[in-house]
Amino acid sequence: MIAAGRYADAYMVNWYSNVFPGILGRTCDRPCEPACRRGRVEEDNLEKPEPVAICRLKRVAADHKGDIGARLPKPPTKKNGKRIACIGGGPAALTVARDLAPLGYSLTIFDQDPKAGGFMRTQVPRFRLPEAVIDEEVGYILNLDVEFIGGRRIDSLKALLAEHYDAVFVGCGAPRGRDLEIPGRQAAKASIHIGIDWLSSVSFGHIEKVGRRVIVLGGGNTAMDCCRSARRLGGEDVKVIVRSGFEEMKASPWEKEDAQHEGIPILNYLVPKTFEHANGKLTGMTFEKVRVEYDTKGRRNLVPTGEPDTLYPCDEVLIAVGQENAFPWIERDLGLEFDKWGLPVLDQQTMQSTIPNVFFGGDAAFGPKNIIWAVAHGHEAAISIDQYLNAESLADRPPPQFNLVSQKMGIHEWSYDNDISNDLRHIVPWAAAEKTLKSIKVEVELGFDAATALKETQRCLNCDVQTVFKASLCIECDGCVDICPMDCITFTADGEEADVRERLTAPAANLTQDIYVADGLKTGRIMAKDEDVCLHCGLCAERCPTGAWDMQKSLIEMTYAGPACHAPAPRRNAA
């Protein structure tokens, strides 16, 4: 759709599934991209094969969509009488509201912050995610007649349940950053900050400057946001220090690259030992140098190198060594069970807690993850809440549906673009550093323009267009084998999978990718195709003289809360 310039259509496809295309198009951790076959097809030809820039193309759809207000769901004219409370105004709760409000439920979202958005608003810096984008996409949900009560912190689940809501969704995130209790921590506490709290203070304008020398402790994405923010708030000497190796850091590779691109060094294999101070004023930190050793069982350990400790002078320290859940506001006599890690005991499919009408999602459910996982939890919880309030089994969840439509328009003509580009992944342009490093609010990435977006879409291998094979029409002429540019089709004797993989025209070495196999051929052989490297170019279907091959576009219809998840009404006998 993006390739065809259908930006609004592309946005709506993504909106129904991912809810926040403009936000995720800038901030997503990209769990989809490792599955992109483009990176595997290029493995033998490139030093660093790259998937299609799926994440950044979502931003293209968002930036170019125009006014899509008329295409959004409308608030129902009549409510169904059921009230649902959402604790926390982040992506999980907003997804629950988005899915359930059009069905007639009355949704109320409570959040301690004045505006909805959760950690998308409070912990993702404005130079990565402009506030206008958050306002727009959160607004689409609140405009569904969803009540948002900001500035109200829920201090008691018991008290909220006493307000007689029919269901409660807990999406309060993982609000507590881990501290680092080493010598000097309390004496120099005025200059030592918990990373996520510090980012929130920056977001709301409570902090506008930092010291000249800043150390950021931690190797995750929060640490990358902290160091880049500190750089913009006056930090001239900002460095990230981690106890692990660079490759072992939890931060996304591109987040580390972005920090380094802005001149922020990342120092590794250094374990913090003390905060140094003079009369309560922070002056630096000492670190012990370590190396990796493996024991006889292959377990990894960090052991001291024996070198002298290293002192790094600093004026402020930001601690970003992890987050954890905190539920002091949930009374332990309510019947809501917690596991040994302090997380609620949940059904992992339905998100239901041990209190039947209380559901969890996002970081509050299984610990810190990311925005897109929070959205997924929200969809599942919405289905469960809808089924629960209709007295139906939460275990009965229809699977996703697939539609297949042939793309054949003629002997050599298809209704999809099968001309695959050999271009390398295109780079998203940045605004000038002399401009972006002077302001916390100037967006760094400019996004693809329409022309570059088109080029990037042409790298797509059309995974939504399936090769469909009918053995009954095949005459085993091997024409498809001869014309396949990737040598991924083989007619051979059947056998065990491991054996068949080795006997293909090009051995199928990627065991995580299934082989497409069809039997019923007149000779008793099978047709085996390696889906790992197929370009979906359609040459096999063009070459086939009998039409045994066809190219069919697939559309995945995910399951959302609503009539599709309800049991069919019992049929009445005719009078």
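Residues numbered from 1 in each chain as written. Predicted model: local features only at pLDDT ≥ 70, side-chain atom pairs only at ≥ 80, totals over all residues. Heavy atoms only, no water.

**Let's talk about the overall build of the chain**
In terms of regular secondary structure, the chain is built from 18 helices and 24 strands. In terms of C-alpha radius of gyration, the chain reaches 27 Å, essentially the compact-globule figure of 25 Å for 575 residues. Overall, the C-alpha framework of the chain stretches about 90 × 75 × 50 Å when taken along its three principal axes. Counting the 575 residues in the chain, one finds 51% classified as buried. A separation of at least 24 residues holds for 71% of the contacts in the chain among residues at least 6 apart in sequence. Summing over all exposed atoms, the chain offers an accessible surface of approximately 27,400 Å²; the carbon and sulfur share of this is 52%. Computing the positive centroid from 67 side-chain charges and the negative centroid from 81, the chain places the two 4 Å apart. (Helix = DSSP H or I, 4+ residues; strand = E, 2+ residues; numbered from the N terminus. Rg over C-alpha atoms; globule rule 2.2 N^0.38 Å. Buried < 20%, exposed > 50% of the residue type's maximum accessible area, 1.4 Å probe, protein only. Contact = heavy atoms within 4.5 Å. Areas by Shrake-Rupley, 256 points an atom, 1.4 Å probe, with all protein chains shown as cover. Lys, Arg positive; Asp, Glu negative; His and termini not counted. Charge placed at Lys NZ, Arg CZ, Asp CG, Glu CD.)

**Quick notes on the sheet that holds strand β20 (residues 465–469)**
Taken in spatial order, the three strands of this open sheet run β17-β24-β20, and their pairing is antiparallel. Of all strands in the sheet, those bounded by a partner on one side alone are β17 (401–406) and β20. Averaged over all pairs of adjacent strands, the angle between their axes in this sheet comes to 40 degrees, without regard to strand direction. The sheet contact formed by β20 and strand β24 (residues 549–557) spans five bridges and is antiparallel. Looking at β24, one finds that Gln466 is bridged to Gln552. (Pairing = 2+ DSSP bridges. Axes fitted to C-alpha atoms, helices over the stretch in contact; angles between N-to-C directions.)

**As for the state of the cysteines**
A covalent bond bridging the sulfur atoms of two cysteines is what the word disulfide describes. As enumerated under the stated definition, the model contains zero disulfides in all. This cysteine, Cys463, is not joined by any disulfide, and Cys460 carries the nearest cysteine sulfur, 6.1 Å off. Assessed through its relative accessible area of 40%, Cys463 is described here as partly exposed. (Disulfide = S-S within 2.5 Å.)

**Let's talk about the packing of aromatic side chains**
Within this structure, the stated rule accounts for ten aromatic pairs. Taken together, a centroid distance of 5.8 Å and an interplanar angle of 70 degrees make the contact between Phe287 and Tyr312 edge-to-face. Of this pair, Phe287 sits in strand β11 (residues 281–294) while Tyr312 is found in strand β13 (residues 310–313), placing the two residues 25 residues apart along the sequence. By the burial criterion, Phe287 is buried, and Tyr312 matches it. Between Phe327 and Phe360, the aromatic rings sit 6.0 Å apart at their centres with planes inclined by 80 degrees, giving edge-to-face as the arrangement. Of this pair, Phe327 sits in the loop between β15 (323–324) and β16 (358–360) while Phe360 sits in strand β16, placing them 33 residues apart in sequence. (Phe/Tyr/Trp six-rings, centres within 6.5 Å; stacked < 30°, edge-to-face > 60°.)

**Regarding helix α11 (residues 253–261)**
Of the residues making up α11, those classed as buried are Glu255, Lys256, Asp258 and Ala259. For α11, the arc enclosing every buried residue in end-on projection is 160 degrees, short of the 170-degree limit, so these residues lie on one face. On the buried face of α11, the contacting elements are α10 (221–232) and β9 (266–267). Two residues or fewer after α11 comes Gly263, characterised by a positive phi angle close to 80 degrees. (Arc of directions from axis to C-beta.)

**Here's the deal with empty space enclosed by the protein**
Scanning the model with the defined rule gives three cavities of 30 Å³ or more in all. The calculated volume of the largest cavity comes to roughly 120 Å³. In terms of lining, the largest cavity is formed by 14 residues, of which the most central are Arg26, Arg56, Arg128, Asp258 and Glu445. Of all the secondary-structure elements, those providing two or more residues to the lining of the largest cavity are α2 (21–27), α4 (54–64) and α11. In terms of residue count, the dominant contributor to the lining of the largest cavity is α11 (three residues). Its residues placed into classes, the lining of the largest cavity shows four nonpolar, one polar and nine charged. (1 Å grid on protein atoms, 1.4 Å probe; cavity = no way out; pocket = protein on both sides within 12 Å on 5 of 7 lines; lining within 4 Å. Points joined across faces, edges and corners; volume = space filled by probe spheres on them. Nonpolar A, V, L, I, M, F, W, Y, C, P; charged D, E, K, R; others polar.)

**Considerations on the environment of Ile440**
Among the secondary structure elements, Ile440 is positioned in the loop between α14 (433–436) and α15 (450–457). Here Ile440 is in contact with Arg126, Phe127, Val202, Ser229, Arg232 and Leu233, once residues within four sequence places are set aside.

**Brief notes about the pattern of salt bridges**
Taken as a whole, this structure holds 40 salt bridges when the rule is applied. For Glu445, the salt bridge is made with Arg56, and the minimal N-O distance between the two is 2.9 Å. In this pair, Glu445 is assigned in the loop between α14 and α15 and Arg56 in helix α4, connecting sequence segments 389 residues apart. Each of the two residues, Glu445 as well as Arg56, counts as buried. (Salt bridge = Lys/Arg side-chain N within 4 Å of Asp/Glu carboxyl O.)

**Focus: the sheet that holds strand β1 (residues 83–87)**
The sheet built from five strands is open, its strands ordered β3-β2-β1-β4-β16 with parallel pairing. The strands lining the two open edges of the sheet, one partner per strand, are β3 (147–150) and β16. Strand-to-strand twist of the sheet, defined as the mean angle between neighbouring strand axes without regard to direction, takes the value 20 degrees. Note: β1 against strand β2 (residues 106–111), five bridges, orientation parallel. When the bridges of β2 are listed, Ala85 appears paired with Thr108. Most of the contacts of helix α13 (residues 371–388) go to β16, to which it runs at about 165 degrees, and overall it touches β1, β4 (167–170) and β16.

**Here's the deal with the nonpolar core**
Counting 64 residues, the largest nonpolar core has Phe20, Leu100, Leu107, Val168, Phe169, Phe360 and Ile385 as the members making the most contacts within it. Broken down by element, the residue count for this core peaks at eight residues, all from α13. Residue assignment places this core across two domains, with domain 1 (7–69 + 423–457) and domain 2 (77–175 + 325–389) each supplying three or more. Apart from the residues lying within four places of it in its own chain, the contact partners of Phe20 are Gly25, Pro91, Leu94, Thr95, Met120, Glu137, Ile141 and Val375. Counting residues in hydrophobic clusters, the runner-up holds 28 residues, among them Ala471, Phe491, Leu521 and Leu535. (Core = buried A, V, L, I, M, F, W, Y, C linked by side-chain atoms within 4.5 Å. Domains from an automatic or database assignment.)

**Observations regarding the packing of helix α5 (residues 91–100) against α13**
Axis angle and axis distance: for two packed helices, these are the angle between their axes and the distance between the axes, and together they describe the pair. Where α5 contacts α13, the axes come no closer than 7 Å and their chain directions differ by 40 degrees. By the angle between their directions, the pair α5 and α13 is classed as oblique. The chirality of how α5 crosses α13 is right-handed. Between α5 and α13, the contacting residues are Pro91, Ala92, Thr95, Val96, Arg98, Asp99 and Leu100 on the first element and Ile371, Ala374, Val375, Gly378, His379, Ala381, Ala382, Ile385 and Asp386 on the second. Partitioned by chemical class, the residues of the contact of α5 with α13 number ten nonpolar, three polar and three charged. (Parallel < 35°, antiparallel > 145°, perpendicular 65-115°, else oblique. Left-handed = near helix turned anticlockwise from the far one by under 90°.)

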